[in-house]
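# A closer look at the structure
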Amino acid sequence: MTGVRPKKALGQHFLTDLGTARRIASTLEAAPSLPVLEIGPGTGVLTQFILEAGRDLRVVEIDTESVDYLRANVPALDGRIIEGDFLRLPLDTLFGGKPFALIGNYPYNISSQIFFHMLDYRDCVPFCSGMLQREVAERLAAPPGTKARGILSVLLQMWYDVRYLFTVPPGVFNPPPKVHSGVVELRRNSRVEAGCDEALFKTVVKTTFGQRRKTIRNGLRGLLPPGASMPDSPLLGMRPEQLSVEQFVELTLEVQKLRRQ
């Protein structure tokens, strides 16, 4: 086998530029003691540099053609390939339950789902880096008050410090995507608990961003009991993209209070 055919259904855009791959792999230097899980290694362009650094690496790949290629061409991965869907992988069973770093050239079509899945296992993943569609990468790192800020921005930034590192042009992929890509880094912050009902926090974030053209006041009405008065808070006159994580926590506590009355 001389190569792997990129599959549109899997959102595959194989990185071909070795300099870019090396640069992405070098982000793992921020977490030198952690074993590494790479998502979607494809033909192993990024993988080779992680192995070169001597890291304890496993890869998860859903594409059987890519798995066959890796087994035939990257013998160092013998016994390290998990053939399956990352989104169904119980991350707390990997590496003997020890924390690990996550990295990848993430498939565009499931990049958001990858980060939602990671959030469910956030105590297992203290560090994450990798490449995804630039628009999504910018959203992950977007601070309060920016148009790019959305649901995933807030949910991730509650538990991680997120940095946008650099932009990658379409020409270094096969096939070239129609958009630029962006590389991000996420480091687990010091927060140990949400400070409010976490399930309600997620609901408040998703509900308000679901009506992001409205103020918080209008977006929250459906979450309150019939006849309940809106809380007296200046946050209600703001739009969801303006709020910090702590302000969303404050808002969630107000909703919790009204639901208990």
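This one's a predicted model, so the numbers in the text were calculated from it and none came from an experiment.

## Remarks on the packing of helix H4 (residues 111-120) against helix H6 (residues 151-159)
- Relative to each other, H4 and H6 sit at 30°, their axes nearing to 11 Å. Comparing the axis directions of H4 and H6 gives the class roughly parallel. The element H4 and its partner H6 pack so that their crossing is left-handed. Contact residues: H4 offers Ser-112, Phe-115, Phe-116, Met-118 and Leu-119, while H6 offers Ile-151, Leu-152, Leu-155, Leu-156 and Trp-159.
- A breakdown of the residues in the contact of H4 with H6 according to their chemical character gives nine nonpolar, one polar and no charged.

## Considering the pattern of salt bridges
- In this structure the tally under the stated criterion is nine salt bridges.
- The partner of Glu-135 in a salt bridge is Arg-139, and the shortest N-O contact between them spans 3.2 Å. Linking Glu-135 with Arg-139, this pair stays in helix H5 (residues 134-141), spanning four residues, or about one helical turn.
- For Arg-139, a relative accessible area of 25% corresponds to the partly exposed category.

## Observations regarding the sheet that holds strand S2 (residues 36-39)
- Read across the open sheet, the seven strands follow the order S4-S3-S2-S5-S6-S9-S7; overall the sheet is mixed. Each edge of the open sheet is held by one strand with a lone partner, namely strand S4 (81-83) and strand S7 (160-168). Within the sheet, the average angular offset between the axes of one strand and its neighbour, ignoring direction, is 20°.
- Pairing geometry for S2 and strand S3 (residues 57-61), over four bridges, is parallel. Following the sheet pairing, Val-36 is matched in S3 by Leu-57.

## Quick notes on the environment of Ala-137
- As for its position among the elements, Ala-137 is in helix H5.
- For Ala-137, a relative accessible area of 0% gives the class buried.
- As for Ala-137 and Phe-49, which are separated by 88 residues in sequence, their C-alpha atoms are 22 Å apart.
- Residues in contact with Ala-137, not counting those within four places in the same chain, are Leu-132, Tyr-164, Gly-182 and Val-184.

## Examining the pairing of strand S5 (residues 101-104)
- Residue alternation in S5 divides its side chains into two sets, Ala-101 and Ile-103 and Leu-102 and Gly-104, and both sets are buried.
- Relative to S5, S2 runs parallel, the two sharing four bridges. What sits directly across from Leu-37, in S5, is Leu-102.
- Both S5 and strand S6 (residues 127-133) contribute to a ladder of two bridges, which runs parallel. The partner of Ala-101 across the bridge, within S6, is Phe-127.

## A short note on the pairing of S6
- Within S6, six of the seven residues are buried, which leaves the element mostly enclosed by the surrounding structure.
- What joins S5 to S6 is H4, and the crossover it makes is right-handed.
- Relative to strand S9 (residues 181-188), S6 runs antiparallel, the two being bridged by seven bridges. Across the sheet, Gln-133 pairs through a bridge with Ser-181, a residue of S9.

## A look at the packing of H6 against helix H7 (residues 198-210)
- The interhelical angle for the contact between H6 and H7, taken along N-to-C directions, is 150°, at an axis separation of 9 Å. On the basis of the axis angle, H6 is roughly antiparallel to H7. Two packed elements cross with a definite hand, and for H6 against H7 that hand is right-handed. When H6 is examined against H7, the residues Ile-151, Val-154, Leu-155, Met-158 and Trp-159 are found in contact with a partner set consisting of Glu-198, Phe-201, Lys-202, Val-205, Lys-206 and Phe-209.
- When its residues are assigned to classes, the contact of H6 with H7 shows eight nonpolar, no polar and three charged.

Each value, and the rule that gives it
- Residues numbered from 1 in each chain as written.
- Predicted model: local features only at pLDDT ≥ 70, side-chain atom pairs only at ≥ 80, totals over all residues.
- Heavy atoms only, no water.
- Axes fitted to C-alpha atoms, helices over the stretch in contact; angles between N-to-C directions.
- Helix = DSSP H or I, 4+ residues; strand = E, 2+ residues; numbered from the N terminus.
- Parallel < 35°, antiparallel > 145°, perpendicular 65-115°, else oblique.
- Left-handed = near helix turned anticlockwise from the far one by under 90°.
- Contact = heavy atoms within 4.5 Å.
- Nonpolar A, V, L, I, M, F, W, Y, C, P; charged D, E, K, R; others polar.
- Salt bridge = Lys/Arg side-chain N within 4 Å of Asp/Glu carboxyl O.
- Buried < 20%, exposed > 50% of the residue type's maximum accessible area, 1.4 Å probe, protein only.
- Pairing = 2+ DSSP bridges.
- Right-handed = clockwise from strand over helix to strand, strands pointing away.

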